[in-house]
Structures are given as C-alpha cells and as structure tokens.
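Read off the chains here:
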Amino acid sequence: MPIIKSNIHTHTTFCDGSATPEEMVLAAISVGMDTLGFSFHSETPFDMSYCMQNYPAYFAQIQSLKKNYADKICILHGEELDLYGVPCKDCDFVIGSVHYLFREGKYYPVDYTAQALKDTVNNVFGGDALAAAEQYFAEVAQLSEKIRPDVYGHFDLITRFNEVCPLSDENDTRYKRAALAAVESLPRGAVVEVNLGRLYKGQGGMYPSEWLVRELNARGAKFMLSSDAHCMAALGFAFDETCAKLKTLGVKSLVRYKDKKLVTVEL
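Residues numbered from 1 in each chain as written. Predicted model: local features only at pLDDT ≥ 70, side-chain atom pairs only at ≥ 80, totals over all residues. Heavy atoms only, no water.

A.B. asks: I tried to follow the pairing of strand β3 (residues 74-82) on my own but got confused; where do I start?
C.D. replies: Within a regular beta strand, the side chains point alternately toward one face of the sheet and then the other, so they alternate between its two faces. Summarising burial for β3: 9 of the 9 residues are buried, a large majority. Burial of β3 is two-sided: the residues Cys74, Leu76, Gly78, Glu80 and Asp82 facing one way and the residues Ile75, His77, Glu79 and Leu81 facing the other way are all buried. Running through helix α2 (residues 55-68), the crossover from strand β2 (residues 35-41) to the neighbouring parallel element β3 is right-handed. Here β3 runs beside strand β4 (residues 93-97); their pairing, made up of 5 bridges, is parallel. Paired with Asp82 across the two strands is Ser97, which belongs to β4. (Buried < 20%, exposed > 50% of the residue type's maximum accessible area, 1.4 Å probe, protein only. Helix = DSSP H or I, 4+ residues; strand = E, 2+ residues; numbered from the N terminus. Right-handed = clockwise from strand over helix to strand, strands pointing away. Pairing = 2+ DSSP bridges.)

A.B. asks: Quick question: what am I supposed to make of the packing of aromatic side chains here?
C.D. replies: What characterises a pair of aromatic rings is the spacing of the ring centres plus the angle enclosed by the ring planes. All told, the structure shown has 18 aromatic pairs when counted by the stated rule. With a centroid separation of 5.8 Å and an interplanar angle of 35°, the aromatic rings of Phe93 and Tyr257 are classed as tilted. A residue pair is termed long-range when its members are at least 10 positions apart, and Phe93 in strand β4 and Tyr257 in strand β10 (residues 253-258) qualify at 164 residues. With centroids separated by 5.4 Å and ring planes inclined at 85°, the aromatic side chains of Phe137 and Tyr175 adopt a geometry described as edge-to-face. On the criterion of sequence distance, the pair formed by Phe137 in helix α4 (residues 129-140) and Tyr175 in helix α6 (residues 173-185) is long-range, its members being 38 residues apart. (Phe/Tyr/Trp six-rings, centres within 6.5 Å; stacked < 30°, edge-to-face > 60°.)

A.B. asks: Even after reading the chapter, I still don't get empty space enclosed by the protein, so can you show me in this structure?
C.D. replies: If you roll a probe as big as a water molecule over the atoms, it shows you where there is empty space left. Following the criterion strictly, the structure yields 1 cavity of 30 Å³ or more and no others. Taken as a whole, the largest cavity encloses approximately 30 Å³ of empty space. If you trace the largest cavity, you find it lined by Leu117, Val121, Ala129, Ala132, Ile158, Leu167 and Ser168. Sorting the residues of the lining of the largest cavity by element identifies α3 (114-124) and α4 as the ones contributing at least two each. Of the residues contributing to the lining of the largest cavity, the split by class is 6 nonpolar, 1 polar and no charged. (1 Å grid on protein atoms, 1.4 Å probe; cavity = no way out; pocket = protein on both sides within 12 Å on 5 of 7 lines; lining within 4 Å. Points joined across faces, edges and corners; volume = space filled by probe spheres on them. Nonpolar A, V, L, I, M, F, W, Y, C, P; charged D, E, K, R; others polar.)

A.B. asks: Whenever I open this one, the environment of Ser49 confuses me. Can you help?
C.D. replies: Relative to the elements of secondary structure, Ser49 occurs in the loop between β2 and α2. When its relative accessible area of 64% is taken as the criterion, Ser49 is described as exposed. Counting along the chain gives 33 residues from Ser49 to Asp16, while the straight-line C-alpha distance between them is 8.3 Å. At a separation of 2.7 Å, a polar atom in the side chain of Ser49 contacts the side chain of Asp47. (Polar contact = N/O pair within 3.5 Å; in protein donor to acceptor, adjacent residues only side chain to side chain.)

A.B. asks: Looking at this model, I keep getting lost on the layout of surface pockets. Mind explaining?
C.D. replies: In this structure, the largest pocket spans a volume of roughly 520 Å³. If you tally residues by element for the lining of the largest pocket, the top one is helix α7 (residues 197-200), at 3 residues. Space inside the second largest pocket adds up to approximately 150 Å³. Broken down by class, the residue content of the lining of the second largest pocket amounts to 7 nonpolar, 1 polar and 1 charged.

Here it is in structure tokens:
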C-alpha cells in the first residue's frame, strides 16, 4: 500500500484529461487510495482550449460518483484555479497555479510546448529567458493575495521544458532571486504541492526542484504529494520513491487530504 493514499490534482475528459471521472475513480481505488480530489481547470476566458467544457454535466457526475463509491473512496470536488482564471463557488479545495506570462496586455502560455515558450522568450522578452522567469515568479507571488489557494500548484512550472529545451538557468543569481521572492510571498505554513506530472511523462523531475524544496522547507512550507494526473496510469506514480527522495532533502512529513481534512503523514 502507498504511504500517501490521496491525490487531489486530477484532470478528466471534461477538460484536458484522457480518462472519464469514473475511470479515474476506479484507477485510484486500484492503487490503494482512500481519497481522490478532482481539480478541473478553471475558465480562462482568453484561452479555453484546456478548460472545463460542460460544468453542469461534470458537477452532476462528480456528485453521482461520490454517492456510488462512498464505501470505497472519498471523492472531493475541487478546481485548479489559474491566477487569471474564473473561480468556482462549489469547491472543496482550490489549487492555485500560474500557467501564463502576462505581458503588455497579452497572455503567453508557460506549459504549452517547448517551442511556444522559446518563441515567447525570443519575441516577447528579447531573448532573455531569465526575464521570463522573473515575470513568472512575480505572478506566482500574486497567488497568495489574489487567490489564497489551499494548495500552491507546480511552483516552478517555468522549468517544464528545461530537459529538452534549456532556457532558464536555475543556478543563475537572477533566477534564484526571483524564485526565492516567490517563496517569501507565501503565508507561513503554506501547502505546496510536490507535483509529479512531468516525472511521469519522462520529461524531467518533480516540481519544485530539489533546491527549492530545501528553501521552502527551511521557511516552514508544508508539502503535498500530487500526481497532476491526466490519465489513469499517472495516479500515484512514483509516490513512495518521491517520499524517500524528500526525506533526503530534509522533509520530515507531508500533508494530505483524508476526507475533507488535512492530516499529517510522517516520513
């Protein structure tokens, strides 16, 4: 059985996932989870390509699944709310994330493709990838004031394509200064997800990067393991291995949802 038996970062065919809500519930049960939170992408009016397509049908289905599988798993209804997204009123939890760089009245996606991000760096930031990173972390720093999420999602998403298309040098002083300013913006005890979505895809390691985990940990952040699952196979992927890795980075415990409450799990 996994050490962590919950995941609240879960996408379905109602937004940009590849499996239905019920398929994700059955997958979660099969890997030993007792709590599964769905987190649809909030509406971003300027880009609806990956957002919720039919909220009434989605909400009705989640409520039905809660009832039908109540004896096997607790199902939570949440959202992944972008900094520039439209909030939903009916959620058990909110994951706050930054998916865009806002510049001169336009929104540029951070995690669409490596080429798209490279083009943004070249065409919008004059080829200065560190300036793009500074913009990104300045927006991350706005999450606590504008959204006040329960969980902070993929903290350093700006590094998503560094394995295949190196742009931002995480060892550069400018990068570290910008990232640490975002860390300092978090309220004491903020819950930061350790997101394994990129790791599952074989495109790099976890978010946040190891050095940022150490910095966040030193400043009192709490950590929550997350699949950021867009398919059934991603649920719970590398959870136990990541727990072992986090211990080596000085993390002594994680938080997770059990039913609707946050509980602590010692590592």
